[in-house]
Amino acid sequence: MVTDEQRALAAAAGAGAAVPPVDVVWDALAGVPDPEIPAVSIVELGMVRAVGWDGGRLRVEVTPTYSGCPATDVIAGMIRERLAAIGFADVDVVMRLSPPWSTDWIAPEAKAKLAAYGIAPPQSRAVVVDVAGVSPKGRPRGRTPERAARR
Amino acid sequence: MSGGTRASAGAAPGADAALFEYVLRLGDNDVILAQRLAEWVGHGPVIEEDIALTNVGLDLLGQGRMWLQYAGEVEARLAGTGRSEDELAFLRDGGAYRNVQLVELPNGDFAATMARQFYFDHAHLLLLRALARSADPRVAEIAAKAAKEVDYHAQRSADWVIRLGDGTAESRARMQRALDRLWPYTGELFATDAVDRVLVAAGVAADAEALRAPWLATVERVLAEATLSLPAGTWMHGANGRGGRQGVHTEHLGHLLAEMQFLQRAYPGARW
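Residues numbered from 1 in each chain as written. Chains lettered and ligands numbered in written order. Predicted model: local features only at pLDDT ≥ 70, side-chain atom pairs only at ≥ 80, totals over all residues. Heavy atoms only, no water.

Enquirer: I'd like a description of empty space enclosed by the protein, backed by residues and values.
Expert: Residue and element names in this part refer to chain B. As enumerated under the stated definition, the model contains three cavities of 30 Å³ or more in all. In this model, the largest cavity occupies a volume close to 260 Å³. The wall of the largest cavity is formed by 19 residues, among which Leu26, Asn29, Leu127, Leu189 and Arg245 lie closest to the centre. Elements with a minimum of two residues in the lining of the largest cavity: helix H1 (15–38) and helix H5 (110–131). (1 Å grid on protein atoms, 1.4 Å probe; cavity = no way out; pocket = protein on both sides within 12 Å on 5 of 7 lines; lining within 4 Å. Points joined across faces, edges and corners; volume = space filled by probe spheres on them. Helix = DSSP H or I, 4+ residues; strand = E, 2+ residues; numbered from the N terminus.)

Structure representation (structure tokens):
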């Protein structure tokens, strides 16, 4: 359900006025657990790449951990549900592949939660292969065994 | 748009028509090999291997979905309306499939499955690494994502070729037999036709022919470590412009599709 306030915010954003802050959206997404490892959130796992306003519509960019992840569609649904609960009913959840996810995107504090949950937290290691020449922003460059965390 | 159109090996297709064909080829290789690997569920030699085969198949299925989604978008640009990934996977008959013949061949024994995987994985990895630099950003980002996963597949299948080749007399004989039998299907991995030429010229596709030498170097190195012999034959199926990539398949594909597509054929449009 869209509140009057959200309608006004969206209209303001669409009219080119100052866009509403997205912090409230990030905070809400921090409450969405990973469906397979509920001890950590999708934000902590580094799956949420961007949140922003796009022509008056809220846009959330999400990256899959691995190509065949069967939880991808579930996660998109959970994001919509969580944001609808705080008044954002009309959200574009967009898949973003580049740069590809690796365990280097996992927040440091989430590694302790993974350990407590019984999953050996992946450690960053030296570059084995760097196919795209890309490096996650603000995270160490490298390729790590993400299957340790995912499977 | 008809699902049964074939790219002529002679006439040069337009850029988007070529891209549609090219992306279908990439996606179909993944979907068909994923289906073959899924046949191993519950039949792996040990639980760890059963799960590993399934996980490799799941990676390929995910990659195949990304390619088929993009193919549908390119088709929409071309024809005004494009098919969904599900329509492309479940409602095309064999002649409209664009995978190389290698990936549709039956699993055989574990050695045959790993030999097929070994030949394919290393060509696949070289191709994806090259495509990660494609001028088409969508192709580049899918390839970069997939290459991270296929790098692991390639290491794993090479390890198995070495383990079985440098193993018992029985495992060695089976692996050599599998490598010999599948060898004539490797030529198609490096064949090029008008679709490739249009897209290589545009910087979108990788020149498959140029991947043959590095692939062969890896195969030779792994087989030497495995104490196995490089197959000697020069006859190659489907490398003459009439192979799986042009819609000409072995008799095995129809049987595979009969099982894979059964539900949507029997209950059209079924959802759950």
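Having seen the structure, we can now continue with the description.
Enquirer: Pulling in residues and values, what's your account of helix H4 (residues 108–117) of chain A?
Expert: All names here are of chain A. Looking only at H4, the buried set comprises Ala110, Lys111 and Leu114. All buried residues of H4 fall inside an arc of 110 degrees around its axis, so they share one side. Opposite the packed face of H4, turned more than 90 degrees from it, sit the exposed residues Pro108, Ala112 and Ala116. (Buried < 20%, exposed > 50% of the residue type's maximum accessible area, 1.4 Å probe, protein only. Arc of directions from axis to C-beta.)

Enquirer: Got a sec to walk through helix H9 (residues 212–225) of chain B? Specific residues and values, please.
Expert: All names here are of chain B. Between the first and last C-alpha of H9 there are 20 Å, a value that for 14 residues agrees with the 20 Å anticipated at 1.5 Å per step. Among the residues of H9, those classed as buried are Trp215, Thr218, Val219, Val222 and Leu223. Buried residues of H9, seen end-on, are gathered within an arc of 125 degrees and therefore sit on one face of the element. Exposed and oriented more than 90 degrees from the buried face of H9 are Ala213, Arg221 and Ala224. Once H9 ends, the next one or two residues include threonine 227, with phi positive near 60 degrees. (Expected span 1.5 Å × (residues − 1).)

Enquirer: Tell me about the interface of chain B and chain A, and please be specific about residues and values.
Expert: Tallying the contact residues gives 19 residues for chain B and 19 residues for chain A. In total, about 1700 Å² of surface goes out of reach between chain B and chain A, with carbon and sulfur atoms giving 54% of it. Three residues, Glu141(B), Lys145(B) and Lys148(B), lead the burial of chain B against chain A; their summed loss comes to 35% of the area buried on that side. Linking chain B with chain A are one salt bridge. Here Asp73(A) makes a salt bridge to Arg65(B), at a shortest N to O gap of 3.9 Å. Run the count over chain B and chain A and you get four residue pairs in polar contact (both at pLDDT 80 or more). At the level of elements, helix H2 (47–79) and helix H6 (137–165) of chain B are the ones that each hand at least two residues to the side of chain B that touches chain A. Per element, the largest residue contribution to the side of chain B that touches chain A is ten residues, and it comes from H6(B). (Contact = heavy atoms within 4.5 Å. Buried area = accessible area lost by both parts, 1.4 Å probe. Salt bridge = Lys/Arg side-chain N within 4 Å of Asp/Glu carboxyl O. Polar contact = N/O pair within 3.5 Å; in protein donor to acceptor, adjacent residues only side chain to side chain.)

Enquirer: So what's going on with the layout of surface pockets? Which residues, and what values?
Expert: There is about 670 Å³ of room inside the largest pocket. Contributing to the lining of the largest pocket are 26 residues, with Gln35(B), Leu58(B), Leu61(B), Arg65(B) and Phe90(B) lying nearest its centre. Looking at the lining of the largest pocket, the elements with two or more residues in it are helix H3 (72–85) of chain A together with H1, H2, helix H3 (85–90) and helix H10 (252–260) of chain B. At eight residues, H2(B) tops the list of elements feeding residues into the lining of the largest pocket. A per-class count over the lining of the largest pocket returns 13 nonpolar, eight polar and five charged. (Nonpolar A, V, L, I, M, F, W, Y, C, P; charged D, E, K, R; others polar.)

Enquirer: I'd like a rundown of the sheet that holds strand E1 (residues 48–54) of chain A, residues and numbers included.
Expert: All names here are of chain A. With mixed pairing, three strands are arranged side by side in an open sheet as E1-E2-E3. Every other strand in the sheet has two partners, leaving E1 and strand E3 (91–95) as the edge strands with one partner each. Strand-to-strand, the axes of this sheet are offset by a mean angle of 20 degrees, without reference to chain direction. Sheet topology note: the E1/strand E2 (residues 57–62) ladder contains six bridges and is antiparallel. By the bridge assignment, aspartate 54 is partnered in E2 with arginine 57. Strand contacts of H3: E2 and E3, with the helix running at about 155 degrees to E3, the strand carrying the most contacts. (Pairing = 2+ DSSP bridges. Axes fitted to C-alpha atoms, helices over the stretch in contact; angles between N-to-C directions.)

Enquirer: Residue-level account of the packing of aromatic side chains, with values.
Expert: Residue and element names in this part refer to chain A. Throughout the structure, instances matching the rule amount to eight aromatic pairs over all chains. Ring centres of tryptophan 53 and phenylalanine 88 lie 6.1 Å apart, and the angle between their planes is 55 degrees; this geometry places the pair in the tilted category. Taken as a pair, tryptophan 53 in strand E1 and phenylalanine 88 in the loop between H3 and E3 lie far apart in primary sequence, 35 residues in all. Take tryptophan 53: its relative accessible area is 18%, and that puts it in the buried class. (Phe/Tyr/Trp six-rings, centres within 6.5 Å; stacked < 30°, edge-to-face > 60°.)

Enquirer: Give me the nonpolar core: which residues, what numbers.
Expert: Tyr22(B), Leu102(B), Phe118(B), Tyr119(B) and Met175(B) are the most contacted members of the largest nonpolar core, which has 80 residues in total. Considering each element in turn, this core owes the most residues, 13 residues, to H5(B). (Core = buried A, V, L, I, M, F, W, Y, C linked by side-chain atoms within 4.5 Å.)

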